[in-house]
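What the coordinates show
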Amino acid sequence: MSVLKISLDEAYVFDMMSVFDIKLKILTDDKLSKTIQKHNLMKTEIISQLGEELFEKIISSQEYKNMISTNQKVFDLIDLSKTDNGLAKQTDDANYQRHVKKMALQKKFFDGELTEVKNRE
């Protein structure tokens, strides 16, 4: 599997980690298995750059817990929007279509799967 490496700010990366943390609690079966693998790979990459001590300090911080809480609220609102036929539902559907297009690009040009796993896949 080829992987494209890019530079991201640290907070963005930990936001991604917090999303993984939420998905680890709600996904099942193959989606959970894939997410565990992606989570562990990302964790290893972060620790290799920051060190385990700083990584552990960050993920046990109140700021990180607040990030998880806020992302959980976003997940909950998205789930709630799925029962609505208004703008929220249309936005959720468009966001999912965006994900489908990313999967198609990944499949056509790269050997491997997306890091991101959506609940609807």
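You'll find the structure just up there.
One structure accompanies this document, and this report is about it. (Residues numbered from 1 in each chain as written. Predicted model: local features only at pLDDT ≥ 70, side-chain atom pairs only at ≥ 80, totals over all residues. Heavy atoms only, no water.)

**Quick notes on unusual backbone geometry**
The cut-off we apply is this: Each helix is a run of DSSP H or I of at least 4 residues and each strand a run of E of at least 2, with the numbering of both proceeding from the N terminus. Summary of the burial criterion: residues with accessible area below 20% of their type's maximum are buried, those above 50% are exposed, and those between are partly exposed, where the area comes from a 1.4 Å probe applied to protein chains only.
Although it is not a glycine, D29 adopts a positive phi angle of roughly 55°. Positionally, D29 belongs in helix α2 (residues 29-50). A relative accessible area of 67% places D29 in the exposed class.

**Observations concerning the pattern of salt bridges**
This is how it is decided: What counts as a salt bridge is simple: a side-chain nitrogen of Lys or Arg found within 4 Å of a carboxyl oxygen of Asp or Glu.
Applying the stated rule across the entire model yields three salt bridges. Between K5 and E45 there is a salt bridge, and its shortest N-O distance comes to 2.8 Å. On the criterion of sequence distance, the pair formed by K5 in the segment before α1 (10-26) and E45 in helix α2 is long-range, its members being 40 residues apart. Look at E45 and you get partly exposed, because its relative accessible area is 27%.

**A closer look at the packing of α2 against helix α3 (residues 52-59)**
Describing two packed helices takes the angle between their axes plus the distance from one axis to the other. Keep this limit in mind: Convention adopted: a line fitted to C-alpha atoms gives each axis, helices being fitted over their contacting stretch, and angles between N-to-C directions are expressed from 0 to 180 degrees. Small angles under 35 degrees read as roughly parallel and large ones over 145 as roughly antiparallel, with 65 to 115 read as roughly perpendicular and the rest as oblique. What makes two residues a contact is simply this: any of their non-hydrogen atoms within 4.5 Å. Here the term charged refers only to Asp, Glu, Lys and Arg, the term nonpolar to Ala, Val, Leu, Ile, Met, Phe, Trp, Tyr, Cys and Pro, and the term polar to all other amino acids, Gly among them.
The geometry of α2 relative to α3 is characterised by a closest axis approach of 7 Å and an angle of 120° between their N-to-C directions. On the basis of their axis angle, the class for α2 and α3 is oblique. Mapping the contact onto sequence places K43, I46, I47 and L50 in α2 and E52, L54, F55 and I58 in α3. Looking at the contact of α2 with α3 residue by residue, the classes come out as six nonpolar, no polar and two charged.

**Observations concerning the environment of A11**
Within the fold, A11 resides in helix α1. Accessibility expressed as a relative area gives 48% for A11, which makes it partly exposed. Between the alpha carbons of A11 and M67 there is a distance of 9.8 Å; along the sequence they are 56 residues apart.

**Considering a nonpolar patch on the surface**
Just so we agree on the cut-off: Note that patches include only residues with greater than 30% relative accessible area and no salt bridge, and the join distances are 9 Å for like charges and 5 Å for nonpolar side chains (Val, Leu, Ile, Met, Phe, Trp, Tyr). Throughout, the Shrake-Rupley method with a 1.4 Å probe supplies accessible areas, and for residues the shown protein chains are the sole cover considered.
On the surface, L4, I6, L8 and Y12 cluster together into a nonpolar patch covering about 450 Å² of accessible area. Structurally, Y12 is set in helix α1. Y12 sits in the partly exposed class, given a relative accessible area of 45%.

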